[in-house]
Amino acid sequence: MIKNNDKISANQVSILLFTTMVGAGILSLPADVSKEVGPNGLIAILGGGIASLFFARLILYLSSKFPTETFVEYTGKLITRPISIIISIILVFYFTIFASLDVRIFGEVLKIYLLPSTPIETIIITMLFTSAYLVRYGLEPIARMSEILFPIIVIPLVLLFLPTLTDIDLSNFLPFMRVSLVEFFKGMLVTTYSFVGFEILYLLFPYIINTDKLKRSVNSAIISTMLFYMYITFFVVGIFGYKETREQLWPFLTLIKSINFPVFFIENVEGIVMGIWTFTIFTSIYSFHYFATLALSKLLKTREHSYFVLPAVPIMYLMALIPDSIVTVYKYAGYVSQYMSVFFIAILPILLFIILKVKRLGDKDEEKT
Amino acid sequence: MKRKLKIVILWVLIALMLTGCWDKIEIEDRAFVMAIGIDLSSSNKRYVVTFQFPNAAQITKGTSGGGGGSEKPSFAVSEVADTIFSASRHISTRINKALYLGHTQAIIFGKDVVENKDKFQQVLDSLDRSYELSRKVYLLVTPQKAQDILLKKYEMEPNTGAYIRDIFKHYNLTSKFPTIDYNKITKSLHETNGNAIIPKIIAGKDEIKIAGSAIIKNYKLAGWMEDDENMGYMWLTGLVKGGDISINMPGDGEEIKVPFNISNVIRRRDVKEENGKIIYRVKLEVEGDITEYTFEKHGEMMKGDLLNVIERKTSDEIKKMTQKAINRFQKELKVDMLGIGDYIEKYHPSLWEKVGKDWDKIFPEVEIKVDVTSHVRRIGLFR
């Protein structure tokens, strides 16, 4: 049962994907990738982006075979109902975990940089209620919110770093490709944590008006995300060198400390960046929040997803507060991205694709995808 | 009744929501630290941390006819503590403001801190982990006590932090000190495992002076570099962006000094391996102008090969400087701070795989060749 006014266009999908993917990962990505591949972080992100694009298109292909059904429904046909239910429940949890991780990291960063004496619980609960308020109204407002926030996120972040161009030492990207293939593959794998978010394509397909343009919008979303990450990594590694980058917790924020506006009355731009970054993480949180509740409502066959929006808030709140410290937050994030993300991004689509081909299921008319 | 209840609830909500955040600190309650000095106490066990901050109250009053002449323009307070962080906290028992480090311009290390490896590492880590400190601060080492520099008031600019920052701004007039900021120093410490060059600062009676540099080897002060040696180091690492060199030229009877004003430097590097010996070649192309010679020689600049002589002598002078720096690092300290290892690692990775592991042993054996070509581009307004 899909309401007519809750459909979005392919362009909106593109922006929604971008804003979902760009989230907390941006803070630590340069450090994670430098740790694995040294000076070749940019190439690893390129590799990770291309791999993500491949799997995103695979997920899109699968969904397009069942144009009126979401993941929860069509996997029932592919891999028997009980297994489908189990995987769907994991998917709901998966989205919830990402929303909680994002909101926790958001809380930590905001507490450190802007609100030192505000309890993190307050920051988290405020963010979650804001997200719930938006998510209750469904997909269309969410996509529109992303459309509004997209330029506010991208334009200032791209411009802010330009004054540091003079500090960049291009030799920091040398030697070129002197890492083993295993290391490089590992580096690509850690970038996936930053690309997490395009799994929403599992659920998104029935809600899109002009599905014929969808391939293009998925391409542009993932490529622009990749370029955005490469842009930031270029500045970080170009200024600090990989040896220092890999030791930093949030090289993105350390980079901001190095920005020096010549002839400008603002000396520290941290405040501005924190404001922008709040939008970045907000877009990721509401997206994961929405798709978690959507998957749940499909699973329980309720008419509206909004029944679950508010009950999800305390769950995400409690989950966000499970890790003791920022160290454990990143440990859990590592587990989730290593096991669950790899499963949902890579293993599951390949499996489903093989089963689809073997069983010859799906809508034959959509063969053109 | 229901309506009234709604209004009451709305009132309460507005009161709760609009009272703003509880993190606010009014600007006049903050002390914007401009410079930090770090020393060790006499027993070398605890830190003496000095914070210098301008008097915000006086600044807000404005410069209305020198009315606030009796007020101090800047404050400096020292605190003894076990760690740098606790010093920044314990100091609040003595001042009526909240310290804010986000605008700090300079951090000065006393000699005793850089001489003590453990303490120095602790200080560096404290700076790296700080949420507030900007990465644009300048780190400096002083052979005196940092406290001595910060507790003084300088008439030229009572705000010492701003004073230091402004000196760094016109670095390209002299090339007397390496323009290395915090970002570059930590990068160097991370990449070479504890080696770095930090500019040196000393306080005179009524002014400060930044010149020369301190050599940090393995997180410990290994020595100082002055004048020629320091500039030689700057030539080799490509830090020279301006400044002048004096060369001896024949004058009327005795030799006179002629300044060569550097306007542009191009540095090229190359590494070769011959018979198991590494040859590192630095090519410097220096452009500049002659700004004084002697009155008697008017009209001679255009004649003969006077310019060639000046160019050759300049090149020799630069070569001598670099030789001094090479001797210091290669023969005396045996530590690679000339960026040779870094260069090989980046541009000749296959060679680095062979020599990288025991670079410390190989570095003193490396043959460093410096070629300098100078060009006089301008001669002033007289021929």
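Presented here is a report on the structure given in the accompanying data block. (Residues numbered from 1 in each chain as written. Chains lettered and ligands numbered in written order. Predicted model: local features only at pLDDT ≥ 70, side-chain atom pairs only at ≥ 80, totals over all residues. Heavy atoms only, no water.)

**Here we look at the sheet that holds strand β11 (residues 244–250) of chain B**
Residue and element names in this part refer to chain B. Taken in spatial order, the 4 strands make up an open sheet running β11-β12-β13-β14, and their pairing is mixed. In the strand order of this sheet, the two ends are held by β11 and β14 (367–378), each with one partner. Neighbouring strand axes in the sheet, compared pairwise and without regard to direction, differ in orientation by 35° on average. Helix-sheet contacts for helix α9 (residues 227–237) involve β11, β12 (255–274), β13 (277–290) and β14, and the interaxial angle to β12 is about 45°. Here helix α11 (residues 340–347) sits on the sheet in contact with β12, β13 and β14, set at roughly 45° to β12. (Pairing = 2+ DSSP bridges. Helix = DSSP H or I, 4+ residues; strand = E, 2+ residues; numbered from the N terminus. Axes fitted to C-alpha atoms, helices over the stretch in contact; angles between N-to-C directions. Contact = heavy atoms within 4.5 Å.)

**Regarding unusual backbone geometry**
Residue and element names in this part refer to chain A. Geometrically, the link from L174 to P175 is a cis peptide bond, its omega value of -5° lying close to zero. Mapped onto the elements, P175 comes out in the loop between α7 (139–160) and α8 (181–195). Its identity is not glycine, yet T80 carries a phi of approximately 40°, on the positive side. Given a relative accessible area of 43%, T80 falls into the partly exposed group. (Buried < 20%, exposed > 50% of the residue type's maximum accessible area, 1.4 Å probe, protein only.)

**A word on a nonpolar patch on the surface**
A cluster of nonpolar side chains, I7, V8, W11, V12 and L16 of chain B, forms an exposed patch at the surface whose accessible area comes to about 540 Å². Positionally, I7 of chain B belongs in helix α1 (residues 2–18). (Patch = residues over 30% accessible without salt bridge, like charges linked within 9 Å, V, L, I, M, F, W, Y side chains within 5 Å. Areas by Shrake-Rupley, 256 points an atom, 1.4 Å probe, with all protein chains shown as cover. Salt bridge = Lys/Arg side-chain N within 4 Å of Asp/Glu carboxyl O.)

**Concerning the packing of aromatic side chains**
For the structure shown, the criterion picks out 36 aromatic pairs over all chains. Considering the side-chain rings of F234 of chain A and F235 of chain A, the 5.6 Å spacing of their centres and the 80° angle between planes classify their relative orientation as edge-to-face. Owing to a relative accessible area of 1%, F235 of chain A belongs among the buried residues under this scheme. Clustering of aromatic rings is evident, with ring pairs tying together Y94, F95, F98, F288, Y290, F291, F343 and F344 of chain A. The residue whose ring lies beneath R30 of chain B is Y100 of chain B, and the NZ or CZ to ring-centre distance is 4.7 Å. Directly above the ring of Y47 of chain B sits K119 of chain B, whose terminal nitrogen or CZ lies 5.1 Å from the centroid. (Phe/Tyr/Trp six-rings, centres within 6.5 Å; stacked < 30°, edge-to-face > 60°. Lys NZ or Arg CZ within 6 Å of the ring centre and 35° of its normal.)

**Topic: the packing of helix α5 (residues 81–113) of chain A against helix α14 (residues 309–320) of chain A**
All names here are of chain A. Relative to each other, α5 and α14 sit at 60°, their axes nearing to 8 Å. In terms of orientation, α5 and α14 fall into the oblique class. Between α5 and α14 lies a crossing of right-handed hand. Together, T96, I97, A99, S100, V103 and R104 of α5 and I315, M316, M319 and A320 of α14 make up the contact between the two elements. For the contact of α5 with α14, the residue count by class is 7 nonpolar, 2 polar and 1 charged. (Parallel < 35°, antiparallel > 145°, perpendicular 65-115°, else oblique. Left-handed = near helix turned anticlockwise from the far one by under 90°. Nonpolar A, V, L, I, M, F, W, Y, C, P; charged D, E, K, R; others polar.)

**Here's the deal with the packing of α5 of chain A against helix α15 (residues 326–359) of chain A**
Residue and element names in this part refer to chain A. Following both chains from N to C, one finds α5 and α15 inclined at 145°, their axes separated by 11 Å at the closest point. In this structure, α5 meets α15 at a crossing whose hand is left-handed. Counting all contacts with α5, which are made through I87, I90, L91, Y94, I97, F98, L101, R104, I105 and E108, the residues of α15 involved are I326, V329, Y330, A333, V336, M340, S341, F343, F344 and L348. When the residues that make up the contact of α5 with α15 are grouped by side-chain class, the tally is 17 nonpolar, 1 polar and 2 charged.

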